[in-house]
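Architecture at a glance
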Amino acid sequence: MPKSEIAIFDTTLRDGTQGTGINFTLKDKLEIAEMLDSFGIDYIEGGFPLASERETAFFKEVRSLNLKHSKICSFGSTRKPGGKASHDAHINALLQAETPTVVIVGKAWDAHAEKVIGTTLEENLNMISDSVSHLKSEGREVIFDLEHFFDGYAANREYAEKVLRTATDAGADCLVLCDTNGGTLPQTAVKIVEDLGRGNYAPLGIHFHNDTGCAVAASIQCIDSGAVHVQGTINGWGERVGNANLCAIIPNLALKMKKDIYCGQNLKDLTKLSRFTAEKANIIPEKNQAYVGETAFSHKAGQHTDVIIKAEYLMEHIDSSLVGNSRRILLSELAGKSTIVRKLAKYGEFDKNSEIVAQLTNTLKQKEMEGYEYEAAEASFDVIMRKALDRFTPLFELQNYHLESYKTMTSKSKTVGRLFLNAGGIEHMGAAVGEGPVDTLNASIRDALIPSFPFLKNIHLTDYRVRVLNPEEATAAKVRVFITFTDGKTDWDSVGVSENIIEASWEALIDAINFYYNNDVLEE
Ligand SMILES: [Zn+2]
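Residues numbered from 1 in each chain as written. Predicted model: local features only at pLDDT ≥ 70, side-chain atom pairs only at ≥ 80, totals over all residues.

1. Some thoughts on the nonpolar core
By size, the foremost hydrophobic cluster in this structure holds 91 residues, and its most contacted members are Ile8, Phe144, Ala167, Leu175 and Ile250. When sequence neighbours within four positions are dropped, the list of residues in contact with Ile8 reads Ile41, Asp42, Val230, Leu246, Ile250, Ile261 and Cys263. Formed by 38 residues, the second largest nonpolar core is a distinct cluster that contains Met385, Leu421, Leu441 and Tyr516. (Core = buried A, V, L, I, M, F, W, Y, C linked by C-beta atoms within 7 Å. Buried ≥ 20, exposed ≤ 12 C-beta atoms within 10 Å, placed from the backbone. Contact = placed C-beta atoms within 7 Å.)

Pasting the structure below:
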């Protein structure tokens, strides 16, 4: 494959996991690696092979994924002072990870070599040279990370340049200038990259942290000044305030700077990549993230929306579909009504100014204020429309349910449930033991009703997601529950909102069942 102008290096699985609250299981790491590969990221830094068994296992298992494009990299430091790279445990661990590329980090700031490692400036250079040349002699592509490069350059330019020279002469394939403290401003970084010049050393890369809020800016400007390799993380996660955000760097390079990057061809999957990674980390994605955030292309009602409908290019900096995002016109008299007319189309033709459209607009507004969201819960919105049209028949009415959770010293917690329902004028009782309250309620409904309504055997709950809506309220916060059901052919989603997670789940559960009952059972 032809080499692209700029290489994209992802360190979500290594530097990204230094961020507060970012944890991945081995399975998550493998799934993210697969996703990064199908997106076309050039390098994926997998972690430090000696750090834990999970890290070691990652390097073993990632080999069986047969990635199409990405090169997996193991990460470690240069050999210890006074030893030999060929006998160094860390260097050997990098080789045993059997990755085509290895990343080693070394000191570029004289004070760090002397005070942190406690060695001489001369020995620090030997460590770099010996480590790089040993890994090269073992056939690896070697990326050398110069830790604290920009601060080191400011403190002792001559020594920082010696480090670059040493790594270049030892055969490093790329020298990554790291702003480890994250305090360097773009103009300072650019000046330094320009001073180093093009072609004097091995190809240059950059690695910024976002402590000044300028990591993306510094990255793209250094690329304009000659860097050909850029490191960052998905969603900008990382230590302290984070690393440079690849979800902004990539579209900036591809769309604004017209750089040739391999993943540019898959740009429309960028939003999916961002949200998938957030889902794996169980982190609510930042809504206002550039390009991929939920509100990146959203517009409030009024005149503004009119302009959008007439000529989007007047209000949006790019076409949102280029990065796989979509425009959201937030609910308003105008936008809401046309959306509702579109949704009502399955039940007939309705005028924008009709009574029913006005009524649904108000209901929707009210519900959204309470925390409901119907964009990903069509089934619940369908139930609302049917109620308004008088075309809704509930499968059952609840009389009561009772749930009890129990746990012993030696067993996992279980939930026992019992409920009484009224369906078709007859009282039904159902009982079940489940893993948790939602599972138990679902099983109890089925237990009560399957003998009379065998269609319930064909539908199953496949996904259950919970979001806390106002976390500052702590345990009194509202939760929004999304549930996905399937009949094996199609899926449908419903939503519930409450301060009580069981109540929110119950709401979503009965919407999902009633949706199927009304659309697929009664209307067939
Ligand atoms: Zn870093």
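On we go from here.
2. Here's the deal with the packing of helix α9 (residues 215–224) against helix α10 (residues 246–256)
Close contact between α9 and α10 brings their axes to 10 Å; oriented N to C, the two are set at 35 degrees. For the element pair α9 and α10, the recorded crossing hand is right-handed. From α9, Val216, Ser219, Ile220 and Ile223 reach across to α10, where they touch Ala248, Ile249, Asn252 and Leu253. Of the residues in the contact of α9 with α10, the class split is 6 nonpolar, 2 polar and no charged. (Axes fitted to C-alpha atoms, helices over the stretch in contact; angles between N-to-C directions. Helix = DSSP H or I, 4+ residues; strand = E, 2+ residues; numbered from the N terminus. Left-handed = near helix turned anticlockwise from the far one by under 90°. Nonpolar A, V, L, I, M, F, W, Y, C, P; charged D, E, K, R; others polar.)

3. Structural notes on the domain arrangement of the protein
Segmentation of the protein into domains returns domain 1 (7–281), domain 2 (297–330) and domain 3 (397–522). Placing the centre of domain 1 and that of domain 3 at their C-alpha centroids yields a distance of 47 Å. (Domains from an automatic or database assignment.)

4. Some thoughts on the sheet that holds strand β12 (residues 414–423)
One key point about sheets: their strands pair by backbone hydrogen bonds, in either a parallel or an antiparallel sense. Strand order across the open sheet formed by 3 strands is β11-β12-β13, with antiparallel pairing between neighbours. With one partner strand each, in any of the chains shown, β11 (397–406) and β13 (426–434) form the two edges of the open sheet. Between one strand axis and the next, the sheet turns by 10 degrees as a mean value, whatever way the strands run. Sheet topology places β12 next to β13; 9 bridges connect them, and they run antiparallel. Residue pairing in the sheet places Thr415 in a bridge with Gly434 of β13. Running at roughly 140 degrees to β13, helix α16 (residues 437–449) makes contact with β11, β12 and β13 of the sheet. (Pairing = 2+ DSSP bridges.)

5. What about the sheet that holds strand β6 (residues 174–179)?
On the basis of which strands lie adjacent, the closed barrel formed by 8 strands has the order β1-β2-β3-β4-β5-β6-β7-β8 and parallel pairing. This sheet shows a mean twist of 25 degrees between the axes of neighbouring strands, independent of strand direction. Here strand β7 (residues 204–208) pairs with strand β8 (residues 229–232) via 3 bridges, running parallel. Looking at the pairing, Ile206 lines up with Val230 of β8. Helix α2 (residues 53–62) contacts β2 (43–47) and β3 (71–77) of the sheet and is inclined by roughly 140 degrees relative to β2. Relative to the sheet, helix α5 (residues 121–137) contacts β4 (101–107) and β5 (141–147), its axis offset from that of β4 by approximately 175 degrees.

6. Concerning the pairing of strand β16 (residues 491–498)
Two elements, strand β15 (residues 479–486) and β16, share 8 bridges in a ladder whose sense is antiparallel. Across the sheet, Arg480 pairs through a bridge with Val497, a residue of β16. Count of turn residues in the β15/β16 antiparallel hairpin: 4 residues, of which Gly488 carries a positive phi of about 95 degrees.

7. Comments concerning the packing of helix α15 (residues 378–389) against helix α17 (residues 501–522)
In contact at an axis separation of 9 Å, α15 and α17 are set at 60 degrees when each is read in the N-to-C sense. By the criterion of interaxial angle, the relationship of α15 to α17 is oblique. α17 is crossed by α15, and the crossing has left-handed handedness. Note on element contacts: α17 touches α15 through Asp511, Ala512, Asn514, Phe515 and Asn518, opposite Ala379, Ser380, Asp382, Val383 and Arg386. Of the residues in the contact of α15 with α17, the class split is 4 nonpolar, 3 polar and 3 charged. (Parallel < 35°, antiparallel > 145°, perpendicular 65-115°, else oblique.)

8. Quick look at helix α7 (residues 157–169)
An ideal rise of 1.5 Å per residue puts 18 Å on 13 residues; α7 measures up with 18 Å between its terminal C-alpha atoms. Looking at α7, one finds that the buried residues are Ala160, Val163, Leu164 and Ala167. Burial along α7 is one-sided: seen end-on, the buried residues are contained in an arc of 95 degrees. In this structure, the buried residues of α7 make contact with β4, α5, β5, α6 (149–155) and β6. Of the residues one or two after α7, Gly171 is the one with positive phi, at around 105 degrees. (Expected span 1.5 Å × (residues − 1). Arc of directions from axis to C-beta.)

9. Regarding unusual backbone geometry
A positive phi angle, close to 55 degrees, is found at Arg240, a residue other than glycine. Within the secondary structure layout, Arg240 lies in the loop between β8 and α10. A tally of 13 C-beta atoms within 10 Å means that Arg240 is categorised as partly exposed. Notably, Lys258 is not glycine yet its phi reads approximately 55 degrees, a positive angle. If you trace the backbone, Lys258 turns up in the loop between α10 and α11 (270–281).

10. Observations concerning α2
Since there are 3.6 residues in each turn of an α-helix, residues three or four apart along the chain are aligned in direction. Among the residues making up α2, those that are buried are Glu55, Phe58 and Val62. Viewed end-on, α2 has its buried residues packed into an arc of 50 degrees, placing them on one side of the element. Those residues of α2 that are buried lie in contact with α1 (26–39), β2 and β3.

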